[in-house]
Amino acid sequence: MWLSRWTALMAVVLLCATWPLWLGESEFPAIPLTSLLCAAPVWIDWTAVSCLLLGLCGVLLGRTSISQWAWPMVLVCGLVLVAIDQHRLQPWFYQLLFFAAILRLSQPAHARSMLTWIVISIYFYSALGKFDFEFLHTVGQQFWGGMIKLVGREPVFDTQTSIVWISLLPLAEMLLAVGLSFRVTRRATGIVACLFHVGLMLLLGPLGLKHSWGVFFWNLQFSGQALLLFVWPQFENRSSDQAELPNQWGNHFATGLAALVIALPVGERWGYWDHWTSWALYAPHSSRVEVWIANNAVDKLPIGLQPLMPVNSTVELWIRLPLERWSLEVTGTPIYPQARFEMGVALELARRIDSEHHIRAILRGVSARWDGQRT
């Protein structure tokens, strides 16, 4: 399938764009899924990354006999890497993992059908996460300013007016989900989806808000993915790796997996599923932890974090740590937006400065959709 090759190619590009996250030697704390993996040696990271790249290269060759072992290798190595560090569960990597499972388990036509509905659900949940007080008043305002600057004008923030325009972004995603759900409108909507992601690349890329390269390339992947799934699906019928390898049981397992991927995000607001794995993308309503450090312990922080501290930190008794900026500077990726993960970072910093009394962590729950209030 051309979709398989495109997915593998963009995964290689994204791995290269975010390489500090995968080598196991980053200054930013690695927070494993279980404490049993806290002492995992770095050679496991290197081995898993090498085998992951080997598997992706096998998929790129486009031969069925090689894809039989290549996708399972990608899946197993990916799960190992995520188990060692939750930070690696970036949305694009989560997508790669279930793509690998479905493309290997099921027959090509069935795999396309399952992936089609999963991609539609991504647009739906992404839109749902942005119809939210926090997005409309924070990140959405940044998007609005970026869009105005792209057309050569200086943004003038009238909150009520800008919110109306900002609402068009999640509305566009929701309309994409609806249009892609029906065969009669799927191709035309697929073309719009391609243009939508090109627009996001302009807004978030080097010419716009200068967000991380991972965001830029993931939108590029989605643009090509829309072409192959919705605009030119006939290319898949002519591809050379269409042998019906898996049996019907594989199709059933793939259907069950797809159903889980589509259904689990329903529980995101209540804490039953993570924000990024629920496609809450650029949705700042996520749970979080504010980490503060005592003024007299700043010099004990990791070297890469100290220059990022606020300029007035010398006169404050407690200073909030800029964990989001630190993550971007050191790993090239946004911090994993989950209170569980950020609390792990706070505990690791307390261990590094050898004091539990110089660190404070304030746990904040998911913000309310209509007024942004948190517990």
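It should be noted that the structure appears before, not after, this text.
Note that this is a predicted model, so its numbers are computed, not measured.

1. A word on the pattern of salt bridges
If the charged atoms of two oppositely charged side chains come close together, the side chains can form a pair.
Then, number 1: For the structure on display, the rule yields nine salt bridges.
Then, number 2: Residues Asp 132 and Arg 269 are paired through a salt bridge, measuring 2.8 Å at the closest nitrogen-oxygen approach. Of the two residues, Asp 132 sits in the loop between helix 5 (108–130) and helix 6 (133–137) while Arg 269 sits in the loop between helix 13 (248–263) and strand 1 (288–294), which places them 137 residues apart along the sequence. Residue Asp 132 shares its accessibility class with Arg 269, and that shared class is buried.
Then, number 3: Between Asp 274 and Arg 340 there is a salt bridge, and its shortest N-O distance comes to 2.8 Å. Of this pair, Asp 274 sits in the loop between helix 13 and strand 1 while Arg 340 sits in helix 15 (residues 339–352); the two residues are 66 residues apart in sequence, bridging distant segments of the chain.
Then, number 4: Residue classification places Arg 340 among the partly exposed residues on the basis of a relative accessible area of 42%.

2. Quick look at the sheet that holds strand 2 (residues 318–320)
Then, number 1: Reading across from one edge, 2-1-3 is the order of the three strands in this open sheet, with antiparallel pairing throughout. In this open sheet, the two edge strands, each paired with only one partner strand, are strand 2 and strand 3 (359–364). Each neighbouring strand pair of the sheet contributes to a mean axis angle of 30 degrees, computed without reference to strand direction.
Then, number 2: Where strand 1 and strand 2 come together, three bridges link them in antiparallel fashion. Directly across from Ala 294, in strand 2, lies its bridge partner Trp 318.
Then, number 3: The sheet strands contacting helix 15 are strand 1 and strand 3, and the helix crosses strand 1 at an angle near 15 degrees.

3. Observations concerning the nonpolar core
Then, number 1: Membership of the largest hydrophobic core comes to 101 residues, with the highest contact counts inside it found for Leu 56, Ile 293 and Leu 321.
Then, number 2: Discounting residues that sit within four places of it in the chain, Leu 56 has contacts with Ala 8, Ala 11, Val 12, Leu 15, Val 74 and Leu 96.

4. Some points on the layout of surface pockets
Then, number 1: There is about 1200 Å³ of room inside the largest pocket.
Then, number 2: Forming the boundary of the largest pocket are 44 residues, of which Trp 276, Leu 281, Tyr 282, Ala 283 and Pro 334 lie nearest the centre.
Then, number 3: Residue assignment for the lining of the largest pocket shows that the elements contributing at least two residues are helix 4 (91–105), helix 5, helix 7 (139–150), helix 9 (168–180), helix 10 (183–204), helix 11 (213–231) and helix 14 (323–331).
Then, number 4: Ranked by residues supplied to the lining of the largest pocket, first place goes to helix 11 with five residues.
Then, number 5: Residues of the lining of the largest pocket, tallied by class, amount to 23 nonpolar, 13 polar and eight charged.
Then, number 6: Volume-wise, the second largest pocket comes out at about 550 Å³.
Then, number 7: If you go around the second largest pocket, you meet 29 residues; those closest to its centre are Pro 29, Ala 30, Ile 31, Pro 32 and Ile 84.

Rules of the game
Residues numbered from 1 in each chain as written. Predicted model: local features only at pLDDT ≥ 70, side-chain atom pairs only at ≥ 80, totals over all residues. Heavy atoms only, no water. Salt bridge = Lys/Arg side-chain N within 4 Å of Asp/Glu carboxyl O. Helix = DSSP H or I, 4+ residues; strand = E, 2+ residues; numbered from the N terminus. Buried < 20%, exposed > 50% of the residue type's maximum accessible area, 1.4 Å probe, protein only. Pairing = 2+ DSSP bridges. Axes fitted to C-alpha atoms, helices over the stretch in contact; angles between N-to-C directions. Contact = heavy atoms within 4.5 Å. Core = buried A, V, L, I, M, F, W, Y, C linked by side-chain atoms within 4.5 Å. 1 Å grid on protein atoms, 1.4 Å probe; cavity = no way out; pocket = protein on both sides within 12 Å on 5 of 7 lines; lining within 4 Å. Points joined across faces, edges and corners; volume = space filled by probe spheres on them. Nonpolar A, V, L, I, M, F, W, Y, C, P; charged D, E, K, R; others polar.

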